[in-house]
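The lines below spell out each chain.
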Amino acid sequence: MADIHPTALVDPRAELGDAVSVGPYTVIGPHVRVGEGTRIAAHCVIEGHTTIGRDNHIYPFVSLGLASQDKKYRGEPCELIIGDRNTIREYSTYHIGTVQGGGVTRLGNDNWMMAYTHLAHDCLVGDHTIFANNAQLAGHVQVGDWVILGGYTVVHQFVRIGAHAMTAMCSLLFADVPPFVMAQGQPAQARSMNFEGLRRRGFAAERVAAVKAMHKALYRDNLTLAQAQQRIAELPQRFPQAQPDVALMLDFLQSAHPERGIVR
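None of the values given here were measured: they were computed from a predicted structure.

Colleague: What am I meant to see in the overall build of the protein here?
Modeller: Tallying secondary structure elements over the protein gives four helices and 28 strands in all. Its C-alpha atoms give the protein a radius of gyration of 20 Å, near enough to 18 Å, the size a compact globule of 264 residues would have. Considering only contacts in the protein between residues 6 or more positions apart, those separated by 24 or more positions represent 31%.

See the structure below:
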């Protein structure tokens, strides 16, 4: 049975799993589904076609599933989907998708979302990310697994951020950030690779060395992007363990927007 505070307004058509708790003055709409063990604190608003998984912790004053801030939106039944074991801190705002963008805004599993974070319509966020306070995504942004966004990072619409990338505080992203890259500035530029983060996640020395070689090809040897990709493609000959990391990088670079490009 769910534990719902007497002052909460939960539509009878909402689906709440076992051991869900709902705090005082929270409002939950008719098309909301919440998985078992999720805790929803006081003064939250959860509306729209919103699905929330298991064992999430949603702090006070969070707004989930409201209509997108897109003037093309006409009330279509688009979705917000949140996975399992996420922490979503105070005053965060996550909107549903739009028909033009695929219809879904998605947050994966095991993410740590600090206060005032924003996911606009049609954003796709992976697993194990950390968004520091006031990290803001415009519409259609894609964020890979294990990404860390520093406080007050602002991401332009349609930008992609590759897995294991990291931004410094107050970074402004207009271009894609490839996997493993540490970016900083307004507009952001590539500064290094996230070597310490990779070591903390158990990357072997050979894989870290391959990431270092990718950084050299992309940012240190004055190569064109095509030349850098060719050199990166040869790295598994020297670093066999890094084959998945090389594939991750090449896939990201090959799908880079021809006008927006990557941070350099």
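Colleague: Sorry if this is basic, but what is going on with the layout of surface pockets here?
Modeller: The gaps left among the atoms become clear once a water-sized probe is rolled over them. When its volume is computed, the largest pocket comes out at roughly 200 Å³. As for the largest pocket, its lining consists of 13 residues, and the residues nearest its centre are Val143, Gly144, Ile161, Gly162 and Ala163. Where the lining of the largest pocket is concerned, the elements lending two or more residues are strand E21 (142–143), strand E24 (160–161) and helix H4 (243–254). Take the lining of the largest pocket: its biggest share by element is three residues, from H4. A class-by-class count of the residues in the lining of the largest pocket yields seven nonpolar, three polar and three charged. Considering only enclosed or pocket space, the second largest pocket measures out at about 160 Å³ in volume. Along its surface, the second largest pocket is lined by His128, Ile130, Trp146, Ile148, Met166, Met182, Asn194, Glu196, Gly197, Arg200 and Arg201. When residues of the lining of the second largest pocket are assigned to their parent elements, the largest contribution, three residues, is made by helix H1 (residues 195–200). A breakdown of the residues in the lining of the second largest pocket according to their chemical character gives five nonpolar, three polar and three charged.

Colleague: What am I meant to see in the environment of Pro60 here?
Modeller: Tracing the backbone shows Pro60 in the loop between strand E10 (57–58) and strand E11 (63–66). For the pair Pro60 and Met169, spaced 109 residues apart in the sequence, the C-alpha separation amounts to 24 Å. For Pro60, the contacting residues outside a window of four places in its chain are Ala41, Ala42, Cys44, Glu90 and Tyr91.

Colleague: What is the right way to read the pattern of salt bridges from this model?
Modeller: Any two side chains of opposite charge can pair, on the condition that their charged atoms come close. Within the structure shown, the criterion is met by 11 salt bridges. Across the salt bridge formed by Asp55 and Arg54, the nearest N and O atoms sit 4.0 Å from each other. Judged by relative accessible area, which is 40%, Asp55 ranks as partly exposed. Linking Glu196 and Arg200 is a salt bridge whose minimum nitrogen-to-oxygen distance equals 3.3 Å. Taken together, the positions of Glu196 and Arg200, both in helix H1 and four residues apart, correspond to about one turn of that helix. Counted as one network, the salt bridges with shared partners bring together Glu36, Arg54 and Asp55.

Rules and cut-offs
Residues numbered from 1 in each chain as written. Predicted model: local features only at pLDDT ≥ 70, side-chain atom pairs only at ≥ 80, totals over all residues. Heavy atoms only, no water. Helix = DSSP H or I, 4+ residues; strand = E, 2+ residues; numbered from the N terminus. Rg over C-alpha atoms; globule rule 2.2 N^0.38 Å. Contact = heavy atoms within 4.5 Å. 1 Å grid on protein atoms, 1.4 Å probe; cavity = no way out; pocket = protein on both sides within 12 Å on 5 of 7 lines; lining within 4 Å. Points joined across faces, edges and corners; volume = space filled by probe spheres on them. Nonpolar A, V, L, I, M, F, W, Y, C, P; charged D, E, K, R; others polar. Salt bridge = Lys/Arg side-chain N within 4 Å of Asp/Glu carboxyl O. Buried < 20%, exposed > 50% of the residue type's maximum accessible area, 1.4 Å probe, protein only.

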